[in-house]
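Tertiary structure, described
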Amino acid sequence: MSIGQIAIGRNRGYRKRLSKLGLLGWLAVFVLFIFGVIAIFGSALAPHDPNKIDLAYSYVGPIPGHPLGFDELGRDLFSRLLVGARTSLIGPIVLVISTTLIGTSIAILAAWRRGWTDAGLSAGVDIAVAFPGLLLAILLSTVFGASLWVAIAALTLAYTPSLARLLRSSALRETGMDYVKALKVLGFSDSQIIFKHLLPNLAPFIIAQAIIMFGYATLDLGGLSFLGIGVQPPTADWGTMVAAGASGLLQGYPTQTLAAGSCLVLTALSFAVIGDRLARIWGVE
Amino acid sequence: MRRYLWRRIGLGALTIVATTMLVHLALYLAPGDPIGYLLNGQPATPERIAALRAQYNLDEPFFTRYVSWITGVFQGDLGTSAAFNADVSTLIASRFQTTMYLVLISFVFISVFGLTLGILAGLHKGGIDSFSMATATILSSIPAFVGSFILINVFALQLGWFPAIGGGDGSLSSAISHMTLPAIALAFSAGAFVARTTRASIRVESASEHVVTATVRGIPRNKVVSRHIVRNALLPVISLGGLLFVGLIVSTAFVEQAFAINGIGGLLVVAARQQDFALVQAITLILVISFVVVNLAVDVLYWILDPRIRSEVA
Amino acid sequence: MSLVEIESFTLDVQVVEASARVIHEVSFKLEAGQSIGIVGESGSGKSLTLRAIAGLSPENSVVGGKISFQGEEVSAMDRERLMQYRSSQVAMIFQDPRSAINPVRKVGDFLTENVVTNLGWSKSDAKTKAIEVLTEVGISNPEKQLKAFPSELSGGMLQRVMIASNLLCQPDLLLADEPTTALDVTTQSSVMALIDQLRLSRGMAMIFVSHNLELATAVCDKILVMYAGRIVELLPAENLREKSRHPYTRALLDARPRLDGRQNRLNAIPGQPASGLEWTQGCTFAARCAFAQDICRSEVPVLRKIQESDVACHRADEIDWDVS
Amino acid sequence: MSTPLIKVSNLSKQYGDLLAVADVSFELPPSGSIGIVGESGSGKTTVAKILVGLERATSGKIEVEGQDWSLPAKNSKERRERAKYLQIVFQDPYSSLDPRQSIGTALREALSISMKDSDEVIVRASELADLVGLPQRILELRPAKLSGGQRQRVAIARALASNPKALILDESVAALDVSIQAQILNLLVDIREQTGIAYILVSHDLAVVRHFADSLIVMKNGNVVERGQTEAVMDQPNHEYTKLLLASVPGPGWVPGKRSI
Amino acid sequence: MKKLVLATGSAALLLLTACGGAAAPESSASGEATSSGIELVTSTPAGVGPVDNVNWNLADGEPLSLDQNLSWSGSQNFIGNLMCESLLSTTPEGGLEPGLATDVSYTDATTLVVKLREGVTFWDGSALTADDVVYSIDKARTNEVSQFVGDLAAVASVEATDASTVTIKLSEPNSLIRGALSTGAGAVVSKASAEGNANFALPGDTSMVCTGPYMLKEWTAGSKIVVEANPTWWNKGDGKQLTKQITFSFITDPAAAVAGYESGELDGGFLIPASSIKALQASTVGTLGFGDGSAFGAWVPIVNTERSMSNPKLREALAKSLDYANIVATETAGAGTPAKAVGVPGSWGNEKAAYQAAWDALPDPVTDLDAAKKLVAESGVSNPELVIAAWSELPDSVNAALVLQQAANSVGFNATINKIGFDRAADLFSGAKKEDIDIFATTYLSFICDPLYIYSQIGLDAGSANWGGYSNAKVSELITSALATTDDAERAKITIEIQSLLVADYAWLPTTTYPSPFFMSNELSGAIPSGPTHLWYAWAVNLGTAK
């Protein structure tokens with residue numbers, strides 16, 4: 001009856017769809033792959049000790065053996081960038097995983113239980129969503145001292161409500177489907193239905209959201225380090241490097257801020273592109 | 001209507017009490033000790049440190065301190081800041097206006113830039129759409145603190161169009177000239193988010209049946225777009241706007257540090273780093289109250305604009 | 001020259017990066033004040049045909065043949081003329097009123113938008129006329145309803161508002177795309193009665209698309225049966241029950257359970273309703289037809305006149321329905 | 001009259017201040033077939049949901065072969081027990097199957113609840129496909145490749161997986177084209193003849209109810225306004241609402257009745 | 001008592017010096033070139049033309065109070081010393097000259113007589129009286145939060161013997177009190193404006209009244225402080241007070257400050273963080289210079305426990321393992337010089353010649369790893385444990401600890417780092433025994449241009465800076481006698497003997513002097529960046545246009 005029925009059914013094979021990632025999509029995957037390798041082997045790859053201070057070399061430009069030159073305290077920029085990759089990528093990975101786990105369980109619990117549980121959780125989410133992550137990060141850093149893990153904990157608390165709210169609406173749609181009711185009547189247990197049907201069907205949406213969240217996570221963690229609440233010096237981290245290099249930038253020594261800044265922007269951009277493409281492929285807007 | 005509003009106000013009040021209690025508890029548990037921060041590692045005799053602790057009543061148990069703080073708030077006395085050795089209310093008063101200027105100017109940029117991009121992309125397929133979405137994606141990847149330095153370097157130092165630092169001397173004209181660059185830096189990621197949501201919402205509305213009906217009834221395209229598509233599409237964007245506005249207030253900390261603007265965001269970061277209880281609590285209280293007020297305003301606006309909500313609740 | 005003339009109308013639509021023909025051959029005429037019911041199962045193309053008349057074919061689809069209204073070809077109309085044609089000469093009612101009316105604006109605005117914006121009526125005239133038509137479609141205390149929002153009205157009332165909005169501009173042709181499918185049977189009956197009475201009193205022509213043959217027969221002068229993008233039979237409504245000559249029409253009528261008696265098993269038509277896209281050659285219904293022969297599978301049957309109906313079936317005159 | 005397969009007495013359901021179901025009683029004899037007729041909002045679907053435990057009754061008693069089913073099953077073990085007695089097929093073909101699961105897996109999964117031996121499960125699955133008139137190649141496909149009618153057949157096959165004694169058809173054919181509707185109705189009649197399964201047909205379509213159900217109850221705003229054998233009620237309806245319902249169904253010589261709301 | 005010491009967040013270099021003026025002759029513009037060719041200056045050529053307003057940045061943040069008695073942080077002194085003058089004044093070269101008092105001299109070992117200057121008026125026009133001086137000195141020595149309670153502990157009573165004379169009675173002989181009267185301890189405020197005024201000199205308050213060349217015009221808490229020239233200043237003269245108004249901003253973020261200097265919105269500033277030094281040296285709109293002073297860095301060994309540092313041989317070994325060149329380069333950007341003793345040249349005051357001779361006689365601080373290894377071997381303790389404390393909140397103190405750890409391990413110590421929080425401040429800066437710490441770093445300086453001031457704090461058993469629990473009967477006896485010697489030359493001789501004993505004992509392990517960086521726009525000149533000017537001398541008196 002509707003015009004839609006006329007179109008031949010869309011094919012859903014995974015392999016075919018991934019090819020539709022597009023040139024830009026594959027470029028983004030390549031960039032992330034490179035950063036991933038650096039994050040894992042960073043310290044091994046670094047030609048010099050990233051924390052060795054030598055003010056005589058402060059802001060010295062690139063010289064042989066030091067492709068990017070030195071920062072304001074005379075530390076080798078290239079090594080700091082490589083080692084910095086670890087904190088700047090491990091941080092978001094842990095953040096996204098923890099947020100996705102908590103967010104998904106809240107969403108499914110709310111969508112499955114409905115009734116009081118749903119009302120209670122949703123009210124809690126409404127309150128928490130209004131609470132910006134940055135304020136949480138500041139408060140937690142006051143209590144437990146500023147460190148990467150405190151920043152991650154704070155951002156997890158900040159990201160989870162909005163993710164939970166997003167996933168709850170799609171979880172509600174899925175639990176509303178008749179096949180879920182039929183499975184219940186057939187005698188399947190709640191956990192069987194959730195883990196064998198609900199989660200697999202929501203998986204594409206959850207993964208797409210997680211990937212998009214990666215971009216924001218990288219930037220926010222970098223921001224917290226910039227404010228001195230995230231990664232503490234002297235450990236190398238892109239966010240702190242942007243902050244530290246800033247006064248140099250204004251004096252014509254832009255390498256540190258631009259290098260660290262572009263790494264942050266490039267990572268966030270790649271995640272955004274992949275997330276966007278995947279969302280479109282899986283027809284999940 | 002009234003029942004709906006009372007419920008929202010109740011929820012708001014609960015949020016305020018819950019958050020301030022939480023903040024107070026958090027600061028109370030903080031292992032460090034503000035006086036230590038005050039000295040910043042400088043030597044000071046034990047007697048002098050004890051005298052200072054007494055001055056900022058740091059030794060009272062948690063509950064008495066919270067009660068004395070709350071009663072103080074109602075009498076308008078927010079306590080004295082240990083880090084600045086000044087009355088908290090004077091400290092915040094002078095900075096609140098600066099941050100509000102910054103947030104409002106930034107909000108203007110976000111709505112103008114976000115909405116135009118979003119509507120343009122939503123209404124036109126092909127070129128314009130992919131171009132605007134590409135810009136939105138790129139801009140959303142530039143965090144405020146990276147953006148600030150680029151803007152300072154290019155527009156303030158090299159081109160000299162705008163002042164590089166400071167929040168202006170309070171007058172509107174100087175505020176606008178000083179706050180343009182930081183406002184733009186703040187607007188990058190939020191604007192991109194608004195653009196993307198508006199585009200999606202426009203797409204949903206233009207595919208809806210009632211737009212087909214309007215076309216079939218011969219309503220001209222521009223009227224269909226303005227009356228039916230854009231107007232309906234803006235509703236979800238409004239609630240998003242409320243959230244963004246609230247998030248903006250705190251994220252001013254980034255640009256305030258980069259542009260050396262004396263605002264609430266920057267002050268909060270400094271206060272938190274120095275465990276200045278009175279100041280952190282006061283700013284958090286103000287932020288939470290503004291969250292609740294903004295969310296309430298958005299709810300009321302939503303109630304007025306979207307009749308569907310009314311029938312749902314009634 | 002008749003009100004609506006459609007000559008070998010064809011439609012190609014975009015399907016997964018290729019364009020394919022979904023409506024192969026539709027031609028019929030409709031005189032002013034006359035009503036025709038287009039019936040068929042899903043994929044028959046009945047709704048696409050109706051929308052083509054209002055110039056509403058789907059995006060990037062290609063319309064073939066000629067559809068003309070009072071002699072003027074619809075697809076040749078420029079934006080100005082098309083807007084004028086839609087706002088005052090043709091009116092359309094949709095299946096689900098709740099999604100067809102903008103939920104965020106008042107019912108009054110919906111009713112008067114067309115006449116105020118396009119025909120330049122003043123707000124007050126439009127308001128009084130709107131109250132008039134609301135009472136005419138049987139809605140009590142219309143002043144209050146003008147200020148109400150769609151979410152506060154029932155499905156049946158909303159459909160009446162939709163009908164009323166079309167009456168304001170005195171259209172000559174009413175296009176109804178399954179207006180009562182979403183309604184309960186009792187509401188359906190009163191809404192159809194309303195449409196029937198309004199149409200006759202205002203001398204409006206109507207094209208009524210439905211999957212319910214009995215409903216179409218009750219309100220239309222002629223019935224046009226479509227299958228897989230082609231017309232299989234066109235006959236006066238009163239002949240449908242007894243004198244239809246096409247195997248598909250007959251099979252459709254027999255497949256429905258009867259209200260006045262009980263059979264053990266329904267003689268269901270085997271297979272599935274085909275869409276225009278799946279047609280290759282011969283008669284589209286051949287695969288499911290009990291009387292199909294080789295000719296049916298090779299040659300496309302042409303619409304030809306047999307007694308009072310036009311039938312597209314090679315064996316139409318051979319089969320004696322009274323016997324079988 | 002042997003003890004009824006399902007006996008429902010004084011069933012009611014309250015949502016806030018809305019009485020969706022008020023004092024509904026009926027009996028379904030073994031291999032019997034009863035119709036619950038009513039328009040939208042009449043409460044017929046709520047009754048069906050209460051029977052299969054998807055909703056909790058506010059009051060009233062439900063007995064299935066003597067066992068008390070008034071309250072929904074407490075845990076999935078009890079739900080598995082009840083599955084052997086009563087199953088349900090819903091209206092919308094596009095949401096009755098898990099889009100990411102092939103038809104074969106869906107059937108095998110449903111069978112694995114009661115059958116442990118995997119070979120037996122595979123055999124039974126293809127038997128079910130034949131029983132509902134689906135070609136074997138369908139088992140590898142995903143729901144997206146199937147038409148509305150084929151999906152309803154799969155839904156029916158899945159419901160039969162636990163060999164229930166009764167099947168609730170909640171508007172199961174309402175969303176189908178006329179020719180497909182007829183095929184499914186014939187299929188259900190054949191299945192009843194082969195397995196002796198009982199039916200509860202919830203529908204607003206009086207013609208389908210007349211063809212399919214032996215007896216019926218007519219519901220309006222949660223109340224049963226008329227009950228009896230289908231033929232008798234349809235030929236001599238005595239409640240005003242039933243008369244109006246019958247008069248509103250288009251048919252030979254039918255004229256639409258005008259009524260203002 | 002304790003001295004104002006600055007070790008701020010961004011780098012140890014953000015430093016304040018006192019008693020400037022190295023041994024170099026009295027030239028006003030030149031300074032003594034250090035090892036890396038950086039020229040230390042005591043002052044800049046006097047300004048020529050008038051300036052309406054100067055924007056000056058103080059990078060260590062807004063002061064908590066402008067009361068000179070509290071002397072909280074660098075920024076407080078730069079503003080305070082423009083407003084409130086002391087009885088005596090310390091010259092840019094470190095000498096003492098009359099201030100609000102024409103003469104201050106000991107009539108006997110325990111009595112000081114102060115002769116007040118005639119005709120001096122406060123900002124509000126009221127005359128400076130003996131009562132104001134008595135009130136100010138009593139305030140400095142009784143307010144429990146004041147810095148100078150310790151310095152003035154020896155003062156028994158302060159009375160106005162007549163309208164223009166004040167007599168100070170001491171409970172025990174103390175020759176440093178006269179010097180103290182040139183610091184915040186001797187700062188005079190108008191009794192009328194201060195007495196009973198709860199928020200005197202607190203943020204936002206403009207009620208304070210002093211005599212200095214600049215008056216407090218406006219204080220917007222959390223953003224800026226504005227001072228304007230005092231038309232009725234008693235020490236007016238041509239070429240002075242050329243700058244009508246100075247607006248102080250407190251931009252702590254290095255990048256923002258650099259942006260301010262470069263864009264011309266900031267005309268100059270003190271307390272420049274190390275990370276901005278290289279950037280500002282390349283600036284075209286202004287010049288970066290270094291002011292000499294009495295500040296120095298040192299490692300403080302904890303000797304009053306049975307742990308490794310109580311053994312003098314191990315202290316000497318550690319001293320010999322320090323990499324002085326690296327410390328000077330990394331911590332002072334090459335501007336500092338290795339320090340032979342804690343009484344660095346900037347604090348010699350009037351007896352420069354005597355102290356210079358003693359300084360030359362002291363052994364040069366040199367890195368001698370072999371000698372150090374030998375000492376550790378002879379110490380009788382194999383692989384001695386050494387726990388180095390560092391502030392967890394100050395990354396630079398962690399870096400310094402890392403450098404020492406490397407050096408100590410290379411000569412046979414088993415060195416580890418213990419990161420402590422600021423909450424341990426009270427415990428660390430007290431004489432208490434510390435079981436988990438052997439040594440910690442500090443930057444320190446002397447308020448008064450007299451080395452005895454600092455040696456009395458470190459050498460005496462109950463000395464306010466004797467955090468290591470050092471005790472030496474001979475040193476204590478010498479200090480007591482020096483404190484009783486009012487004659488400068490005589491006192492210098494005893495102090496030099498104390499110095500040699502402390503150096504031999506390695507009571508502290510001094511590392512480098514800490515000159516203080518400053519920035520000034522090329523359009524301006526006349527700011528006096530060094531020594532006492534930071535603490536107690538109106539540094540902006542000669543500030544004006546360069547041309």
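According to UniProt, the comment filed for chain C under the heading Subcellular location (unreviewed entry) is "Cell membrane".

Of the comments in the UniProt record for chain A, the one headed Subcellular location (unreviewed entry) reads "Cell membrane".

Quick look at the interface of chain B and chain C now. Listed per partner, the contact involves 22 residues of chain B and 25 residues of chain C. In total, about 2,200 Å² of surface goes out of reach between chain B and chain C, with carbon and sulfur atoms giving 59% of it. If you sort the residues of chain B by the area they bury against chain C, B:Glu209, B:Val216 and B:Arg217 come out on top, with a joint share of 32%. Linking chain B with chain C are two salt bridges, by the criterion used here. B:Arg217 is paired through a salt bridge with C:Glu113; the nearest N and O atoms lie 3.9 Å apart. Where chain B touches chain C, the interface holds nine residue pairs in polar contact (both at pLDDT 80 or more). Elements represented by at least two residues in the side of chain B that touches chain C include exactly helix H9 (209–216), helix H10 (221–258) and helix H13 (307–313) of chain B.

Taken together, the contact between chain C and chain D spans 44 residues of the former and 42 residues of the latter. Summed over both sides, the interface of chain C with chain D buries roughly 3,600 Å², with 56% coming from carbon and sulfur. For the pair chain C and chain D, the number of links is two salt bridges. Between C:Arg265 and D:Asp190 there is a salt bridge, with its nearest N and O atoms 2.4 Å apart. Put simply, chain C and chain D have 15 residue pairs in polar contact (both at pLDDT 80 or more) between them. Per element, the largest residue contribution to the side of chain C that touches chain D is nine residues, and it comes from helix H8 (residues 185–202) of chain C. Its residues assigned to classes, the side of chain C that touches chain D shows 16 nonpolar, 17 polar and eleven charged.

Turning our attention to the packing of aromatic side chains. Enumeration over the complete set of coordinates arrives at 29 aromatic pairs over all chains. Aromatic side chains E:Trp56 and E:Trp539 sit 5.1 Å apart centroid to centroid with 35° between the ring planes, which places their arrangement in the tilted category. Taken together, the residues E:Trp56 in strand S2 (residues 51–58) and E:Trp539 in the loop between helix H16 (531–536) and strand S21 (544–545) connect sequence positions 483 residues apart. The pair E:Trp56 / E:Trp539 is uniform in exposure class, with both members buried. Chaining the aromatic ring pairs together yields one cluster made of E:Trp56, E:Phe78, E:Phe248, E:Phe270 and E:Trp539. Directly above the ring of C:Phe110 sits B:Arg217, whose terminal nitrogen or CZ lies 4.3 Å from the centroid. Its guanidinium or amino end placed over the ring of C:Trp279, C:Arg230 lies 4.4 Å from that ring's centre, counting from NZ or CZ.

Right, let's get into the pattern of salt bridges. Residue and element names in this part refer to chain C. If you walk through the whole model with that rule in mind, you get 45 salt bridges over all chains. Across the pair Lys-46 and Glu-178 runs a salt bridge whose closest N-O atoms are separated by 4.0 Å. With Lys-46 in helix H1 (residues 46–53) and Glu-178 in the loop between strand S7 (173–177) and H8, the pair connects residues that are 132 residues apart, well separated along the chain. Each member of the pair, Lys-46 as well as Glu-178, carries the same accessibility label: buried.

Basis of the calculations
- Residues numbered from 1 in each chain as written.
- Chains lettered and ligands numbered in written order.
- Predicted model: local features only at pLDDT ≥ 70, side-chain atom pairs only at ≥ 80, totals over all residues.
- Heavy atoms only, no water.
- UniProt positions renumbered as here; feature names shortened; annotations may be inferred.
- Contact = heavy atoms within 4.5 Å.
- Buried area = accessible area lost by both parts, 1.4 Å probe.
- Salt bridge = Lys/Arg side-chain N within 4 Å of Asp/Glu carboxyl O.
- Polar contact = N/O pair within 3.5 Å; in protein donor to acceptor, adjacent residues only side chain to side chain.
- Helix = DSSP H or I, 4+ residues; strand = E, 2+ residues; numbered from the N terminus.
- Nonpolar A, V, L, I, M, F, W, Y, C, P; charged D, E, K, R; others polar.
- Phe/Tyr/Trp six-rings, centres within 6.5 Å; stacked < 30°, edge-to-face > 60°.
- Buried < 20%, exposed > 50% of the residue type's maximum accessible area, 1.4 Å probe, protein only.
- Lys NZ or Arg CZ within 6 Å of the ring centre and 35° of its normal.

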